[in-house]
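Understanding the architecture of this molecule
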Amino acid sequence: MNKIRLSILICALLMIMYGKSAADFWCDGDLVTVGDTRYEVLNDCGEPDFKETRYEKRIKRDFYRDLFRTERRDRYHERELYREPFLVEEFVEIETWTYNFGPTKFIRYVIFENGVVVAIKTGDYGY
């Protein structure tokens, strides 16, 4: 009896580890997943029912700027080994594409940042 429970537990863990993400979905036989580009999603699913675009300014920390620069690039000066953290401002284009597949399937919200899928959310049943 314990071997059966152990086997079921191992199978369940393998399905969780190697299964597709709950956010992924199929479009005309192709899997749409995080990391896909706008072109890939457009090619797989076609035009979305609704698009929303906004821009966001983000500040990130960058640790790889030299404090001191020397004229010669072939030799490293001791001061070049010291680096300081600094903040970089970046602008991110965020798009949300809405796919309504009808009343028997869930609405999907595909969120892009700079043209790459970063999240896929599931809504209620379509209409």
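Residues numbered from 1 in each chain as written. Predicted model: local features only at pLDDT ≥ 70, side-chain atom pairs only at ≥ 80, totals over all residues. Heavy atoms only, no water.

**What to know about the nonpolar core**
Residues F25, C27, V32, V41, C45, W97, Y99, V110, F112, V117 and I120 constitute the largest nonpolar core, which totals eleven residues. Counting only elements with at least two residues in this core, the list comes to β1 (25-27), α2 (38-45), β4 (83-99), β5 (106-113) and β6 (116-125). Apart from residues no more than four positions distant in its own chain, V117 is found in contact with T33, V34, G35, D36, V41, V110, I111 and F112. (Core = buried A, V, L, I, M, F, W, Y, C linked by side-chain atoms within 4.5 Å. Buried < 20%, exposed > 50% of the residue type's maximum accessible area, 1.4 Å probe, protein only. Helix = DSSP H or I, 4+ residues; strand = E, 2+ residues; numbered from the N terminus. Contact = heavy atoms within 4.5 Å.)

**Structural notes on the packing of aromatic side chains**
Scanning the model with the defined rule gives four aromatic pairs in all. Here the aromatic rings of F25 and F101 are separated by 6.0 Å at their centres, their planes lie at 55 degrees, and the arrangement is tilted. Highlighted residues: F25 in strand β1 and F101 in the loop between β4 and β5, separated in sequence by 76 residues. Centroid distance Y99 to F101: 5.9 Å. Interplanar angle 5 degrees. Geometry classified as stacked. Residue F101 is classed as partly exposed on the basis of its relative accessible area, which comes to 32%. A connected cluster of aromatic rings, assembled from ring pairs, spans F25, Y99 and F101. (Phe/Tyr/Trp six-rings, centres within 6.5 Å; stacked < 30°, edge-to-face > 60°.)

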